[in-house]
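# Summary of structural features
The residues making up each chain are set out below.
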Amino acid sequence: MKSVLFTRFFILLPWILIVIIMLDVDTRRPAPPLTPRPYFSPYVVGRGGARLPLRRGGPAHWTQKRNQSRPQPQPEPQLPTIYAITPTYSRPVQKAELTRLANTFRQVAQLHWILVEDAAARSELVSRFLARAGLPSTHLHVPTPRRYKRPGLPRATEQRNAGLAWLRQRHQHQRAQPGVLFFADDDNTYSLELFHEMRTTRKVSVWPVGLVGGRRYERPLVENGKVVGWYTGWRADRPFAIDMAGFAVSLQVILSNPKAVFKRRGSQPGMQESDFLKQITTVEELEPKANNCTKVLVWHTRTEKVNLANEPKYHLDTVKIEV
């Protein structure tokens, strides 16, 4: 009996040793990291704790759906372009006044400057000035006939009409974009707020002008949002007793009235503004700006006449300096 047990023991002994060796090798291997693998449940928890099956597409699909359901931001409306027509002529203070005006225009968004010289040809001074100004601009020129240069006659008529003709020609073969026309003389001072006010002009807008007409200011009189008269120091009987710097016109109105221009024949001194506005609007249609015409945002600040009594006629400076 003992011999049988010993025989079986020796038969199993090799297998027992093999098992012990394998167990010893497995225990010496490094343990796997304890970080659990991510688990994605095939269900989502709905209202009341109910388990709902996960939709196809996953979380990225849900985000896309949420973004599609949100209202998309609307594009901002196009800002109307302000077209500023500026007549100018050669004089000692010309560059100084154009510099002041350009410094203002640089701070106005979407502005196109139409600079019209009273000359038979474009001058080098103004051409160089505009090239350095860094503004969207158009440089025109047209001379005033000598017979209209007498004292007391309206000035800059031909230059303003040249600016009007350029605008109409520019937009004759294309759909006019939103725009506003403003006659910006170079001897005025403009608040930036004025350009913000005029940009919403639907037809013709008006506002006060400071230091004009022998008074501290002139302005339209407004009642219940409508112009009913004029506070002015000169000829209050004018249909539109207003200065050239006191109104703006929608570009569409200019294009819809191709014959509206500043007139030489039949127009009395100081009546050009009134004669022009009569062609395109009525007093009842005027749009008061600048807090119902109670704020002055433009001033008629003519530069003081320069005293050049000591300017030498002979033995001039050897260096040529542009003033």
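Residues numbered from 1 in each chain as written. Predicted model: local features only at pLDDT ≥ 70, side-chain atom pairs only at ≥ 80, totals over all residues. Heavy atoms only, no water.

Let us now look at the packing of helix α3 (residues 94-105) against helix α4 (residues 124-133). Relative placement of two packed helices is described by the angle separating their axes and the distance separating the axes. At a minimum axis separation of 11 Å, α3 and α4 run at an interaxial angle of 20 degrees. One finds that α3 runs roughly parallel with respect to α4. Crossing of α3 over α4 shows right-handed handedness. Of α4, the residues touching α3 (which contributes Gln94, Lys95, Leu98, Thr99 and Ala102) are Leu125, Val126, Phe129 and Arg132. Considered class by class, the residues forming the contact of α3 with α4 number 5 nonpolar, 2 polar and 2 charged. (Axes fitted to C-alpha atoms, helices over the stretch in contact; angles between N-to-C directions. Helix = DSSP H or I, 4+ residues; strand = E, 2+ residues; numbered from the N terminus. Parallel < 35°, antiparallel > 145°, perpendicular 65-115°, else oblique. Left-handed = near helix turned anticlockwise from the far one by under 90°. Contact = heavy atoms within 4.5 Å. Nonpolar A, V, L, I, M, F, W, Y, C, P; charged D, E, K, R; others polar.)

A few words now on α3. The end-to-end C-alpha distance of α3 is 16 Å, a good match for the 16 Å that 12 residues give at a rise of 1.5 Å each. Among all positions of α3, only Gln94, Lys95, Glu97, Leu98, Leu101, Ala102, Thr104 and Phe105 are buried. Packing partners of the buried residues in α3 comprise β3 (81-88), β4 (111-117), α4, β7 (189-190) and α6 (192-198). (Expected span 1.5 Å × (residues − 1). Buried < 20%, exposed > 50% of the residue type's maximum accessible area, 1.4 Å probe, protein only.)

Here we take up the side chain of Arg199. Tracing the chain through its elements places Arg199 in the loop between α6 and β8 (204-206). Side-chain polar atoms of Arg199 contact the backbone oxygen of Pro80, separated by 2.6 Å. Among the polar contacts listed, one links the side chain of Arg199 to the backbone oxygen of Ala109, at a separation of 2.7 Å. Other than its neighbours up to four places away in sequence, Arg199 contacts Leu79, Pro80, Ile82, Val108, Ala109, Gln110 and Val180. (Polar contact = N/O pair within 3.5 Å; in protein donor to acceptor, adjacent residues only side chain to side chain.)

Let us look at the UniProt feature "binding site: UDP-alpha-D-glucuronate" (unreviewed entry) in the protein. The positions that UniProt labels "binding site: UDP-alpha-D-glucuronate" (unreviewed entry) are, in the present scheme, Pro87, Thr88, Tyr89, Asp118, Arg155, Arg160, Asp185, Asp186, Asp187, His300, Thr301 and Arg302. As for its placement among the helices and strands, Arg160 is situated in helix α5 (residues 157-170). A relative accessible area of 5% means that Arg160 is categorised as buried. In this structure Arg160 touches Ile85, Pro87, Arg155, Phe183, Asp185, Met244, Phe262 and Gln272, once residues within four positions along its chain are discounted. Note on placement: Thr301 falls in the segment after β14 (298-299). With near-sequence residues (within four places) excluded, Thr301 lies in contact with Glu97, Arg100, Asp187, Asn188, Thr189 and Leu211. (UniProt positions renumbered as here; feature names shortened; annotations may be inferred.)

Relative to strand β10 (residues 215-223), strand β9 (residues 209-212) is paired through 3 bridges, and the arrangement is antiparallel. Note that in β10 the partner of Gly210 across the bridge is Tyr217. Linking β9 to β10, which pair antiparallel, is a turn of 2 residues; within it Gly213 sits at a positive phi near 65 degrees. (Pairing = 2+ DSSP bridges.)

This part takes up the pattern of salt bridges. For side chains of opposite charge, pairing can occur when their charged atoms come near one another. Scanning the entire structure with this criterion turns up 10 salt bridges. Among the ionic pairs, Glu285 bridges to Lys203, the shortest N-O distance being 2.9 Å. Here Lys203 lies in the loop between α6 and β8 and Glu285 lies in the loop between α8 (272-277) and β13 (287-288), a separation of 82 residues in the sequence. Residue Glu285 is classed as partly exposed on the basis of its relative accessible area, which comes to 35%. (Salt bridge = Lys/Arg side-chain N within 4 Å of Asp/Glu carboxyl O.)

Before going further, it helps to examine the pairing of strand β11 (residues 226-231). Of the strand pairs in this sheet, β10 and β11 are connected by 5 bridges, and their pairing is antiparallel. Within β11, the residue paired with Pro220 across the bridge is Trp230. Taken together, β10 and the strand that follows it, β11, pair antiparallel across an intervening segment of 2 residues, in which Asn224 is found at a positive phi of about 55 degrees.

This paragraph deals with the UniProt feature "glycosylation site" (unreviewed entry) in the protein. On the UniProt side, "glycosylation site" (unreviewed entry) is annotated at positions that read Asn292 here. With respect to the secondary-structure elements, Asn292 resides in helix α9 (residues 290-293). By relative accessible area, Asn292 is classed as partly exposed at 41%. In contact with Asn292, other than residues within four places in its own chain, are Arg219, Val222 and Gly225.

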